[in-house]
Amino acid sequence: MADKRNRIAHDPWFYSYDSGQHYRLHKTAHGTLDFSYKPVSTDEVRAIEKEFTDLTARFREVKSAMLRDFYSSP
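What counts, and at which threshold
- Residues numbered from 1 in each chain as written.
- Predicted model: local features only at pLDDT ≥ 70, side-chain atom pairs only at ≥ 80, totals over all residues.
- Heavy atoms only, no water.
- Phe/Tyr/Trp six-rings, centres within 6.5 Å; stacked < 30°, edge-to-face > 60°.
- Helix = DSSP H or I, 4+ residues; strand = E, 2+ residues; numbered from the N terminus.
- Buried < 20%, exposed > 50% of the residue type's maximum accessible area, 1.4 Å probe, protein only.
- Pairing = 2+ DSSP bridges.
- Axes fitted to C-alpha atoms, helices over the stretch in contact; angles between N-to-C directions.

Draft legend 1. Focus on the packing of aromatic side chains. The final tally for this structure, using the stated rule, is three aromatic pairs. Centroid distance Phe14 to Tyr37: 5.5 Å. Interplanar angle 75°. Geometry classified as edge-to-face. Taken together, the residues Phe14 in strand 1 (residues 13–16) and Tyr37 in strand 3 (residues 34–40) connect sequence positions 23 residues apart. When the centroid spacing of 5.0 Å and the interplanar angle of 85° are considered together, the rings of Tyr15 and Tyr17 count as edge-to-face. Overall, the relative accessible area of 40% leaves Tyr15 in the partly exposed class. Under the relative-accessibility criterion, Tyr17 is labelled exposed at 74%.

This is the structure:
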């Protein structure tokens with residue numbers, strides 16, 4: 001998930017008026033150098049956003065449960 005977040009936050013994003021497609025400039029050296037434009041659909045970005053939202057909600061649930069246990073302890 002951290003890699004997806006980094007791609008959204010740190011990769012430069014472009015729009016091609018000719019194709020109507022969005023791209024991000026993927027730059028990484030995990031194993032081999034990859035420096036290329038990757039097409040990204042709006043649906044892909046929305047799916048990643050939903051993952052973030054779901055993880056945030058789950059974190060809040062776990063945090064609330066931990067705090068309830070903490071404050072109810074003698």
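Draft legend 2. Region of the structure containing the sheet that holds strand 1. Spatially, the three strands line up as an open sheet ordered 1-2-3, and their pairing is antiparallel. Looking at the sheet topology across the chains shown, the edges are occupied by strand 1 and strand 3. Here the average twist between neighbouring strands, direction ignored, is 30°.

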